[in-house]
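One-letter residues, chain by chain:
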Amino acid sequence: MPDLVVHQQDKEREERAVLHVLFKVFDAEYALPVDTVLQMESFQGATPVPGAPEFVTGIIQIRGRVIPVVDLRIRFGFPPAPLTLDSRVVLGRHGERAVALLVDSAREVLTIPASVLKPPHKLLEGDRGGFVSAVAQLGSRLVMVLDFAKVIGEESLDVV
């Protein structure tokens, strides 16, 4: 086999690509690795829970499980928005826990090459390290890959 072909095959193996679920919140695009996402569903509303943090919209039932719903607009400090036909919950998991993220829309699954994922600038991290683990520049699109544990407030489970 010619050296050029072998080199190209090695380069392709090095170019890891990960499938991501993309969604929008306040006109920005975000992503989670597909292995974090269990499913996506239309959002019909949640049952409010007294005493829950402001960003927890309430709880919903999905396949017999009671799941808390985090409104990403509120979690990220954006103004809340009325529900639309595009409103979705992206059900993710962290360890044994499942949490639904309320997003403005979610319609795309995209393979993002590892080579385009860059760490976020230090200014974006804030006091708690920020919710974004990487930023992907895909042509004219900027996609922020979220750290699901930080978004749901369970990053301390990773330390133990």
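Bear in mind the structure is a predicted one, so any value in this text is a computation, not a measurement. (Residues numbered from 1 in each chain as written. Predicted model: local features only at pLDDT ≥ 70, side-chain atom pairs only at ≥ 80, totals over all residues. Heavy atoms only, no water.)

Section: the sheet that holds strand β2 (residues 28-33)
Quick reminder of the rule: Two strands are said to pair when DSSP picks up at least two bridges between them. The helix count covers DSSP runs of H or I at least four residues long, the strand count covers runs of E at least two residues long, and both are numbered beginning at the N terminus.
Spatially, six strands are ordered β8-β1-β2-β11-β10-β9 in an open sheet, and the strand pairing comes out mixed. Each of the sheet's edge strands pairs with one partner strand only, and the pair in question is β8 (105-113) and β9 (117-118). As paired strands, strand β1 (residues 17-25) and β2 are joined by six bridges and run antiparallel to one another. In the strand pairing of β2, K24 is matched with E29.

Focus: the nonpolar core
For clarity, the cut-off: Nonpolar cores are built from buried Ala, Val, Leu, Ile, Met, Phe, Trp, Tyr and Cys residues. Side-chain atoms within 4.5 Å join them into one set. Burial classification: accessible surface area is computed with a 1.4 Å probe over protein chains only, and a residue below 20% of its type maximum counts as buried, one above 50% as exposed, and the rest as partly exposed. The criterion used for residue contact is that any of the two residues' heavy atoms lie within 4.5 Å.
Counting 22 residues, the largest nonpolar core has F23, L32, L72, F76, L101, V103 and L146 as the members making the most contacts within it. Looking at this core, the elements that each hand over two or more residues are β1, β2, β7 (97-103) and α3 (148-151). Discounting chain neighbours no more than four positions away, the residues touching F23 are A28, E29, Y30, A31, L32, L72, V90, V103, S105, A106 and L146. Judged by nonpolar contacts, the second largest core, of ten residues, contains I60, V89, A98 and A100.

Here we look at the environment of A136
Relative to the helices and strands, A136 is located in strand β10 (residues 132-138). Residues A136 and A31, spaced 105 residues apart in sequence, show a C-alpha to C-alpha distance of 9.5 Å. Beyond its immediate stretch of four places on either side in the chain, A136 contacts I112, V116, L117, R141, L142 and V143.

Comments concerning the packing of aromatic side chains
For any pair of aromatic rings, geometry is given as the distance between the ring centres together with the angle between the planes. The condition that has to hold: Each aromatic pair joins two rings of Phe, Tyr and Trp (for Trp, the six-membered one) with centres within 6.5 Å, and gets the label stacked for planes under 30 degrees apart, edge-to-face for over 60, and tilted for any other angle. Two limits define a charge over a ring: the Lys NZ or Arg CZ must be within 6 Å of the ring centre, and within 35 degrees of the ring normal.
Tallied over the entire structure, the rule returns five aromatic pairs. Plain terms: the ring middles of F76 and F78 are 6.3 Å apart, the flat faces sit at 90° to each other, and that makes the pair edge-to-face. Owing to a relative accessible area of 25%, F78 belongs among the partly exposed residues under this scheme. Counting every residue linked through ring pairs, the aromatic cluster contains F23, F26, Y30, F76, F78 and F131. Here the basic side chain of R75 rests over the ring of F55, its NZ or CZ set 4.1 Å away from the ring centre.

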